[in-house]
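# Structural features, examined
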Amino acid sequence: MATTPAPEGEHRTLSQGEYRAQWEDPFPRCALRPAADFGDEYPSAEEVQRLRPGLDPADTGPDSRAVQTLLTKSCAGWHRHPTSREFYEAVRAPAPTSRQRSLIWTWTSEAELADIIVAWAERAYTIRQLVAAMHRAEFAWAERIREINQWARR
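The numbering scheme is per chain: residues are counted from 1 as the chain's sequence reads. Note on the predicted model: pLDDT of at least 70 is required for a residue's local features to be given, and 80 or more for side-chain atom pairs to be given and counted; whole-chain, interface and lining totals, by contrast, use all residues. Excluding hydrogens and water, the side-chain values take into account all heavy atoms of the structure.

Our focus in this paragraph is the overall build of the protein chain. Each helix and strand counted, the protein chain has eight helices and two strands in total. For the protein chain, the α and β elements follow one another from N to C terminus as β-β-α-α-α-α-α-α-α-α. Expressed as a percentage of the 154 residues in the protein chain, the buried residues total 36%. Values of accessible area rely on a 1.4 Å probe in the Shrake-Rupley scheme; residue burial ignores everything except the protein chains shown. Carbon and sulfur atoms make up 52% of the accessible area of the protein chain, which totals about 9400 Å². Put simply, DSSP marks the helices as runs of H or I at least four residues long and the strands as runs of E at least two long, and each gets a number from the N terminus on. Summary of the burial criterion: residues with accessible area below 20% of their type's maximum are buried, those above 50% are exposed, and those between are partly exposed, where the area comes from a 1.4 Å probe applied to protein chains only.

Moving on, we get to the environment of L103. Inspection of the secondary structure puts L103 in helix α5 (residues 98-110). In this view, L103 contacts L71, W78, P82, E86, F87 and A90; residues no more than four positions away in its chain are not counted. Working rule for contacts: check all heavy atoms of both residues, and any pair within 4.5 Å makes them a contact.

What follows concerns the packing of aromatic side chains. Two rings from Phe, Tyr or Trp (for Trp, the six-membered ring) form a pair when their centres sit within 6.5 Å of each other. Planes less than 30 degrees apart are called stacked, planes more than 60 degrees apart edge-to-face, and all others tilted. Scanning the model with the defined rule gives four aromatic pairs in all. Note on W107 and Y125: the rings are 6.4 Å apart at their centroids and 65 degrees apart in plane angle, and the pair reads as edge-to-face. In this pair, W107 sits in helix α5 while Y125 sits in the loop between α6 (113-121) and α7 (127-136), placing the two residues 18 residues apart along the sequence. An aromatic cluster of three or more residues is present, and its members are F87, W107 and Y125. Placement of a positive charge over a ring is assigned whenever Lys NZ or Arg CZ falls within 6 Å of the ring centre and within 35 degrees of the normal to the ring plane. Lying across the ring of Y88, R92 places its NZ or CZ 3.5 Å from the centre.

Time to look at helix α4 (residues 84-92). Along α4, the residues that are buried comprise S84, E86, F87, A90 and V91. The buried residues of α4 all sit within an arc of 155 degrees when viewed along its axis, so they share a single face. Close packing links the buried residues of α4 with α3 (65-74), α5 and α7. To be clear, the arc concerns the directions from the helix axis to the C-beta atoms.

The term salt bridge refers to a side-chain nitrogen of Lys or Arg lying within 4 Å of a carboxyl oxygen of Asp or Glu. Tallied over the entire structure, the rule returns eight salt bridges. The residue E41 makes a salt bridge to R153 at a minimum N-O spacing of 2.7 Å. Highlighted residues: E41 in the loop between α1 (16-21) and α2 (45-51) and R153 in the segment after α8 (142-149), separated in sequence by 112 residues. Note on E41: relative accessible area 38%, which makes it partly exposed. Given the relative accessible area of 58%, R153 is considered exposed. Put simply, D63 and R85 hold a salt bridge, and the shortest N to O gap is 2.9 Å. With a gap of 22 residues between them, D63 in the loop between α2 and α3 and R85 in helix α4 connect regions that are remote in the sequence. It is possible to trace a salt-bridge network through shared partners that takes in R80, E86 and R99.

Another aspect to go through is the side chain of E122. Structurally, the position occupied by E122 is in the loop between α6 and α7. Residue E122 is classed as buried on the basis of its relative accessible area, which comes to 0%. A polar atom in the side chain of E122 sits 3.0 Å from the backbone nitrogen of R65. What E122 contacts, discounting residues up to four positions off in sequence, is R52, L55, D59, T60, G61, S64, R65, A66 and V67. What qualifies as a polar contact is a pair of N or O atoms within 3.5 Å, subject to a donor-acceptor requirement within protein and to the restriction that residues adjacent in sequence count only when both atoms come from side chains.

Here we come to the nonpolar core. In this structure, F87, I104, W107 and Y125 are the most contacted members of the largest nonpolar core, which totals 31 residues. The dominant element in this core, judged by the number of residues it contributes, is α7, at six residues. When near neighbours in sequence (up to four residues on either side) are disregarded, F87 contacts V67, L71, L103, I104, W107 and Y125. The definition of a nonpolar core used throughout is a set of buried Ala, Val, Leu, Ile, Met, Phe, Trp, Tyr and Cys residues joined through side-chain atoms within 4.5 Å.

In structure tokens form, the structure reads like this:
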């Protein structure tokens, strides 16, 4: 702990918070906007055709190919490999388990923004559902939060 001169000329020990406040945080915290600020719609048929031409209906919703592809790569070292169906349930879990929180963190931090949009086009979630899941999982990666906050409607 650092010490600084007290007004009376005595030294006092700074609290950890006071010490940290002296330095500019290179990674400032960023609050994820409320889920209600985001759209809760699935894409229209035209949007799906534009984003995923020729999409097989079997590769949508809980069987999203985009989700499964990313999870296969990003979770290769997991003892039990997660599935897109497991992710689909994690996004909708009112009280996510540790594994479900890990899936949300993995998806949200590992996916490129294009992957997030493609999974939306494949109806894996609405943006509001994803943001609500991020809140429940206590997602805290400021850079990604800033990017997603830009999609807010309010």
